[in-house]
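# Structural description and commentary
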Amino acid sequence: MPMTLKGSCRCGAVHFSVESHTPQPYQLCYCSICRKTAGGGGYAINLGGIAATLKVKGREAIEIFRAEIDRGGHCEISTGERNFCRHCATALWLFDPTWPELIHPFASAIDSELPIPPERVHLMLGSKANWVVPDIGPNDQTFDVYPEESLEGWHKSRGLWVE
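Residues numbered from 1 in each chain as written. Predicted model: local features only at pLDDT ≥ 70, side-chain atom pairs only at ≥ 80, totals over all residues. Heavy atoms only, no water.

## Remarks on the side chain of Ser-78
Put simply, the rule is: Strands are runs of DSSP state E lasting at least 2 residues, helices are runs of H or I lasting at least 4, and numbering of each runs from the N terminus. Should any heavy atoms of two residues lie within 4.5 Å, those residues are considered in contact.
Considering the arrangement of structural elements, one finds Ser-78 in the loop between β9 (75-77) and β10 (81-85). Filtering out sequence-adjacent residues up to four positions away, Ser-78 remains in contact with Arg-66, Ala-67 and Ile-69.

This is the structure in structure tokens:
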């Protein structure tokens, strides 16, 4: 049975739950969007959830941000919808209609006890701020861009997929 992740915003206006096969907070994203919207330490951590299981209390307090992405001289609006509390600005989850079956809660918004990952993946290091010094463990992987291995693939290949 998937793990239930329960989360909330800082001010308590929004509470949510979602089922997850991929609850390990292993993937640290240093891209400028994650770093500036949800990453006080210079990165953000997204988890994976089953979008159809998302339950929200306080939906009226949620706003959506869609980032502009520079594509070599021209900007395009991301399809990713970053949901946050309009009262306290807590980053809650990312939803992208390109993958409608998935939702990606920010680990920082989760109140449930999360498992401690055996290793981490540091991604988008090519975009990290110069003041950020990643704490890279002996078994951690590093990528200047986004890696090919998905959240599902990473969890399954390490026997961490939650049925």
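Having seen the structure, we can now continue with the description.
## Re the sheet that holds strand β13 (residues 121-123)
What counts here: By this definition, two strands are paired if DSSP reports at least two bridges between them.
Spatial strand order, β4-β3-β13-β14: four strands in an open sheet with mixed pairing. Of all strands in the sheet, those bounded by a partner on one side alone are β4 (44-45) and β14 (141-142). Two elements, β13 and β14, share two bridges in a ladder whose sense is parallel. Each residue of the ladder has a partner; that of His-122, found in β14, is Thr-142.

## Focus: the pattern of salt bridges
Which entries qualify depends on this criterion: For this analysis, a salt bridge means a side-chain nitrogen from Lys or Arg found within 4 Å of a carboxyl oxygen belonging to Asp or Glu. In this scheme, a residue with accessible area under 20% of its type's maximum is buried, one over 50% is exposed, and one in between is partly exposed, where area comes from a 1.4 Å probe on protein chains only.
Enumeration over the complete set of coordinates arrives at three salt bridges. Taking the shortest distance from any N to any O, the salt bridge between Glu-119 and Arg-158 comes out at 2.8 Å. One end of the pair, Glu-119, is in the loop between β12 (102-105) and β13; the other, Arg-158, is in the segment after α2 (151-157), with 39 residues separating them in the sequence. Residue class for Glu-119 comes out buried when judged on its relative accessible area of 16%. Judged by relative accessible area, Arg-158 falls into the partly exposed class, the value being 26%.

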